[in-house]
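# Architecture at a glance
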Amino acid sequence: MTLDRRFPSIHAMQECAARRVPRFAFGYMEGGIDREVCLAANIDALRRVVLTPRAIFDEAFEPDLSVTLFGRTWPLPFAPAPMGLTGLIWPNAPALIARAAIGHGLPVCLSSFATMSVEEIGAIAGSSLWFQLYCTVDPAIENDIVDRAEAVGASVLIVTVDVPTRTRRERDIASGLSVPPRFDRTTLMDIVARPAWALSMMGAGIPRLRTLERYLPKRLPLSAMGEHLANMTDGRVTAGKIERLRERWNGAMIVKGLLDPEDAVRMRDMGVDAVAVSNHGGRQFDAAPAPVDVLPAIRRAVGADYPLLADGGVRSGIDVARMIACGADFVLLARAFAYAVAAGGGAGVDHAMRIIKADLRQAMMQAGTPRLEGLTACRATDRPGST
Ligand SMILES: Cc1cc2nc3c(=O)[nH]c(=O)nc-3n(C[C@H](O)[C@H](O)[C@H](O)COP(=O)(O)O)c2cc1C
């Protein structure tokens, strides 16, 4: 059966991923924090955004989906968001996602906590690499990571600032998830029930944090690894730290994980090239607002020309259009591509990108706009009757 028929939507891939990936790994990618109110709100808030279609034109048009960001034109206004530990979801996921993104001419965001190294993914992505940094306590380690990203040609540094403290996610606690994974009786039973995952994983080996592992003591027992990593990273990112990174990094810099207009303005004024409006996919703070709800105020605060990225709850091209209509220039998607890689490997990610592209084109035709900027004129409103 063709991929189109098996997976007509990202939702179909999500359902397949739930059957193919062990529960502890699926729960890791799927879950949020606390009661997962924020996670659900990201999706609900997007679906409430109504765009009014236009139908009468002087001339027929074909929508242009391209966007210019940091002096470079990208054919589509979206990309896979940085995701740590994706090797747990499917072996070699970072490379599979990177190759699909490059195939569509898109940037490749690589997490510091990725299961493939910045050198491995840099060899695939070159200057399309956008490296995501979690700051570290030891400035020498941080400098070394940043220098490695620069050495492999990364053009953008994403500094994530919304993980100020060690995160307690109930699903992961209950499933016994650890970094890197520890295999006990329950997880082993779980794995036995997912033979396709188990077989691929046997070939690839246990996922390791390949960018960071050189900074960990050799022969560190598995049980001490999570604690060591938590002590190594420093989530309390100060303005001074951003300033220092801004001076050190020659390429474009994005600060990811802001929801407050004043924070965004401060970053703009400090020479940060763009802000990513994000609540980390509902994984950090259950009381946080949905990015799409705060985007209009942040857009007003930073002005029309300052680049804004946004993510959270995006599962289709129509959602991409909604984010752009509310003020984003560029949209990131995490779980959509995690489902895709679990459901269909690299071909699955490529397929997901095609679906999102086709949906976005269709949304622009319906909205009657040949250019992405025109989406903002669709008078994005809340669906009447929604709470
Ligand atoms: C499994 C998973 C791992 C993630 N790891 C990281 C990470 O290492 N660094 C980071 O900045 N954001 C990380 N995020 C957050 C995403 O980059 C993104 O902000 C968010 O998930 C977008 O929401 P969505 O999953 O609804 O698309 C992760 C998200 C998921 C789902």
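Let us look at the structure shown here. Worth saying up front: this structure is predicted, and the values here are computed from it rather than measured.

Here is what the cut-offs are and how they apply
Residues numbered from 1 in each chain as written. Predicted model: local features only at pLDDT ≥ 70, side-chain atom pairs only at ≥ 80, totals over all residues. Heavy atoms only, no water. Helix = DSSP H or I, 4+ residues; strand = E, 2+ residues; numbered from the N terminus. Rg over C-alpha atoms; globule rule 2.2 N^0.38 Å. Contact = heavy atoms within 4.5 Å. Areas by Shrake-Rupley, 256 points an atom, 1.4 Å probe, with all protein chains shown as cover. Lys, Arg positive; Asp, Glu negative; His and termini not counted. Charge placed at Lys NZ, Arg CZ, Asp CG, Glu CD. Buried < 20%, exposed > 50% of the residue type's maximum accessible area, 1.4 Å probe, protein only. Pairing = 2+ DSSP bridges. Near = heavy atom within 4 Å. Polar contact = N/O pair within 3.5 Å; in protein donor to acceptor, adjacent residues only side chain to side chain.

## Comments concerning the overall build of the protein
When helices and strands are counted, the protein shows 16 helices and 12 strands. Its C-alpha atoms give the protein a radius of gyration of 20 Å, near enough to 21 Å, the size a compact globule of 387 residues would have. Taking the intrachain contacts of the protein between residues at least 6 apart in sequence as the baseline, contacts between residues at least 24 apart amount to 73%. For the protein, the exposed area adds up to about 16800 Å²; of that, 53% sits on carbon and sulfur atoms. Mean positive and mean negative side-chain charge positions of the protein (44 and 42 charges, respectively) differ by 6 Å.

## A closer look at the pairing of strand 7 (residues 156-160)
For strand 7, a buried count of five out of five residues is recorded, marking the element as mostly surrounded by other parts of the structure. Looking at chain direction, strand 6 (residues 129-133) and strand 7 are connected through four bridges and run parallel. Among the inter-strand pairings, phenylalanine 131 is bridged to a residue of strand 7, identified as leucine 157. Note that strand 7 and strand 8 (residues 252-258) share five bridges and pair parallel. Note on strand 8: the bridge partner recorded for threonine 160 is lysine 256.

## Notes on the site of the ligand
Taken together, 22 residues form the shell around the ligand, and within it Pro82, Ser111, Thr160, Asp311 and Gly313 come nearest. Between the ligand and proline 82, the relevant distance is 2.8 Å, taken from an oxygen atom to a main-chain nitrogen or oxygen of the residue. Here an oxygen atom of the ligand and a side-chain polar atom of serine 278 are 3.3 Å apart. Contact with the protein chains hides 98% of the accessible area of the ligand, taken as 600 Å² for the molecule alone.

Just geometry here; none of it tells us what the structure is for.
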